[in-house]
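Structural characterization, general
The lines below spell out each chain.
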Amino acid sequence: PGNSGGPLLDSSGKMIGMATAIFSPSGASAGVGFAIPADTVKSIAGMLIQNGQIIRPLLGVSILDSKNARQALGITKGILILEVKPGTPAAQAGLRGLKRTDSGIIEIGDIVIAIEGNPIEKEGDLFKAIESFEPGDVVKVTVNRPDIEVDDDGSPQIKLKEITFDVKLIASDDSTFLKRDR
């Protein structure tokens with residue numbers, strides 16, 4: 001569809017994206033082309049012109065970005081929070097990450113299942129949901145929080161409690177966030 005960095009046009013000549021790469025098993029300039037959608041190009045170009053850099057909204061958490069690992073932990077819906085960065089609005093709101101207890105047991109953190117009511121099934125859903133906001137915006141983050149309850153016969157059972165938090169998004173260039181120990 002064109003050279004990397006060039007426009008990707010539809011049949012009427014309208015730009016629908018920017019060519020970025022080609023997968024070519026033969027090594028020739030023929031194969032499967034990849035492109036960035038025009039909406040993304042427009043947004044990023046505007047940020048670069050205005051700020052000289054790309055600034056994205058962030059929750060201030062680290063997530064488990066492996067479907068297989070989530071399935072191994074029994075998580076069938078949502079994205080597991082591994083760590084909530086100290087001092088971030090996510091920490092202040094009360095979101096929880098994975099932690100190891102004094103006895104060595106690993107406790108599962110919150111599982112993000114929705115942002116502003118939009119379901120979160122995989123990492124891409126999370127990024128797409130927060131991309132429509134600006135740093136400083138407050139969003140509703142709905143999580144499933146594992147909680148241990150003891151049933152009538154004394155056996156512990158893990159139950160998921162759905163909780164919604166108001167979380168202020170931080171900027172990807174927030175120097176106070178970037179300087180924190182990771």
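My aim in this report is to walk through the structure given alongside it, one point at a time. Owing to the predicted nature of the structure, the values given are computational and were not obtained by experimental measurement.

Conventions used here
- Residues numbered from 1 in each chain as written.
- Predicted model: local features only at pLDDT ≥ 70, side-chain atom pairs only at ≥ 80, totals over all residues.
- Heavy atoms only, no water.
- Pairing = 2+ DSSP bridges.
- Helix = DSSP H or I, 4+ residues; strand = E, 2+ residues; numbered from the N terminus.
- Axes fitted to C-alpha atoms, helices over the stretch in contact; angles between N-to-C directions.
- Contact = heavy atoms within 4.5 Å.

**A short note on the sheet that holds strand S1 (residues 7–9)**
The sheet built from 3 strands is open, its strands ordered S1-S2-S3 with antiparallel pairing. Unpaired on one side and paired on the other, S1 and strand S3 (32–37) mark the two borders of the sheet. Neighbouring strand axes in the sheet, compared pairwise and without regard to direction, differ in orientation by 55 degrees on average. Strand direction decides the pairing type here: strand S2 (residues 15–23) and S3, joined by 6 bridges, are antiparallel. Along S3, the bridge assignment pairs isoleucine 22 with glycine 33. Strand contacts of helix H1 (residues 38–51): S2 and S3, with the helix running at about 50 degrees to S3, the strand carrying the most contacts.

**Quick notes on the pairing of S2**
Bridge count between S1 and S2: 3 bridges; the pairing is antiparallel. Its bridge partner lying in S2, proline 7 is registered against methionine 18. Between S1 and S2, which follow one another and run antiparallel, lie 5 residues, and glycine 13 among them has a positive phi close to 90 degrees.

**Describing the pairing of strand S11 (residues 138–150)**
Side chains on a regular strand alternate between the two faces of the sheet. Bridging between strand S9 (residues 111–115) and S11 involves 4 bridges; their strand directions are antiparallel. Counted as the bridge partner of isoleucine 115 is valine 141 from S11. In this structure, S11 lies alongside strand S12 (residues 156–168), joined through 13 bridges in antiparallel fashion. Across the sheet, the residue bridging to valine 139 is valine 167, located in S12.

Just distances and angles here, no functional claims.
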